[in-house]
Amino acid sequence: MNTKEINEYIKNNTHLSYSELSDILGISTNAIRKRYYHLKLPKKEVGYMKPTKEIEKYLNEKGVKLEDVMELLEAKKPKIEIIKRKTKTKFSFGVVSDTHLVDKACALSELKAFYKLCEKRGIKDVVNAGDLATGINVYPGQINDLVCFGFDDHLKYVVEHYPKIKGITTYFISGNHDEAYKKGFGIDFGSHVASKRDDMIYLGMYDATITLNGVSIGLHHGGGGNSYALSYKLQKYVEKIGSGQKPQIYILGHYHGSFYMFYRNVHCLLPGCWQKPNDFSVRHGLPNQIGGWIIDLEIGDDEKNSIINFKSEFIPFYE
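Quick summary incoming for the structure in this document. Values in this document were obtained by computation on a predicted structure and should not be read as measured data.

So, how was this worked out
- Residues numbered from 1 in each chain as written.
- Predicted model: local features only at pLDDT ≥ 70, side-chain atom pairs only at ≥ 80, totals over all residues.
- Heavy atoms only, no water.
- Pairing = 2+ DSSP bridges.
- Helix = DSSP H or I, 4+ residues; strand = E, 2+ residues; numbered from the N terminus.
- Buried < 20%, exposed > 50% of the residue type's maximum accessible area, 1.4 Å probe, protein only.
- Arc of directions from axis to C-beta.
- Contact = heavy atoms within 4.5 Å.
- Salt bridge = Lys/Arg side-chain N within 4 Å of Asp/Glu carboxyl O.
- Axes fitted to C-alpha atoms, helices over the stretch in contact; angles between N-to-C directions.
- Left-handed = near helix turned anticlockwise from the far one by under 90°.
- Nonpolar A, V, L, I, M, F, W, Y, C, P; charged D, E, K, R; others polar.

**Side note on the pairing of strand β8 (residues 258-263)**
Piece 1. Across six bridges, the pairing between β8 and strand β9 (residues 266-271) is antiparallel. From the neighbouring strand, Tyr263 faces β9, where its bridge partner is Val266.
Piece 2. Hairpin connection from β8 to β9: two residues lie between these consecutive antiparallel strands, with Arg264 at a positive phi of about 55°.

Put into structure tokens, the structure is as follows:
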């Protein structure tokens, strides 16, 4: 048979399987499929030829039902479940840490610019992971790095100069530099700042977990020096949180670096800092990555307020 005759035969016998046509025409099943495509014939489901009478007789002798054999041979299509996630709410918040007000090297203008950006984007909440102020006598010679002296002057400076924008609330914890006021004067610096600023909510020293729009956010101010890798401190702190107590978002201040990772089902951040290099940071090799994060969230319509979309944007500032 020539090509024209083969094509004509196939068009007139579409009830036959690929395998049956292959046996009759003496060409491969793959060639039959290609001709189906070029002739624009309905594509066949790949299956098996009908069993011969000999096969049926053999199965009957063995006591096996033909239907069971065909069910075993036919390929089962996997059932695909399409999961639809419904968004309940969207919101954004800002993240800062280690603002170090009162230090001559504080990037105060940049910090205010960041808050202005938050205002422009409609952000109502900013979290601060500690070291609101730079403290006193934290390291030898620190007095030379200060813009004013004494507890009262430090408090007044922070109250007057920390960014204040109508509609934005700052939630903050204390860090080791803030704790220096307690060590030196027996006074909790954070609580005094909050008592004089109605837009600033003090959450406690070193560690706190807050809930914004149903999402749990852990704030912690670490200790010790930087590790060999940015992720290491984050990993270790998250691993120490007990089962069932992990927040959905974890922010670790103190290390002056900027980094994000998703680890153990927690969105983890190093929040950067707002202290430009000084003699102390240069000597200790601190990264001093100046800037803050803007986090955009989509929250699922479920009991757990699951985060179904997490977008993190670091806003850097350069000298």
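The discussion continues.
**Some remarks on helix α10 (residues 230-240)**
Piece 1. Turning to α10, its buried residues are Ser231, Leu234, Tyr237 and Val238. Looking straight down α10, one finds that the buried residues subtend no more than 135° of arc, so they occupy a single side.
Piece 2. Elements that come into contact with the buried residues of α10 comprise β6 (215-221), β7 (249-253), β8 and β9.

**A look at the pattern of salt bridges**
Piece 1. Here the structure, examined in full by the defined rule, presents seven salt bridges.
Piece 2. A salt bridge links Arg121 to Glu313, with the shortest nitrogen-to-oxygen separation between them at 2.7 Å. Linking Arg121 in the loop between α6 (108-120) and β2 (125-128) with Glu313 in strand β11 (residues 307-316), this pair joins segments that are 192 residues apart in sequence.
Piece 3. Residue classification places Glu313 among the partly exposed positions, given a relative accessible area of 27%.
Piece 4. Between Lys236 and Glu239 there is a salt bridge, with its nearest N and O atoms 3.4 Å apart. Note that Lys236 and Glu239 are positioned in helix α10 at a spacing of three residues, about one turn of the helix.

**Concerning the side chain of Asn7**
Piece 1. In this fold, Asn7 is placed in helix α1 (residues 3-12).
Piece 2. Judged by its relative accessible area of 18%, Asn7 falls in the buried class.
Piece 3. Residues within four places of Asn7 in sequence aside, it is in contact with Arg35 and Leu39.

**Brief notes about the packing of α1 against helix α2 (residues 18-25)**
Piece 1. Relative to each other, α1 and α2 sit at 145°, their axes nearing to 12 Å. Where α1 crosses over α2, the handedness of that crossing is right-handed. Residue-level contacts link Ile6, Tyr9 and Ile10 of α1 to Leu21, Ile24 and Leu25 of α2.
Piece 2. In the contact of α1 with α2, the residues fall into six nonpolar, no polar and no charged.

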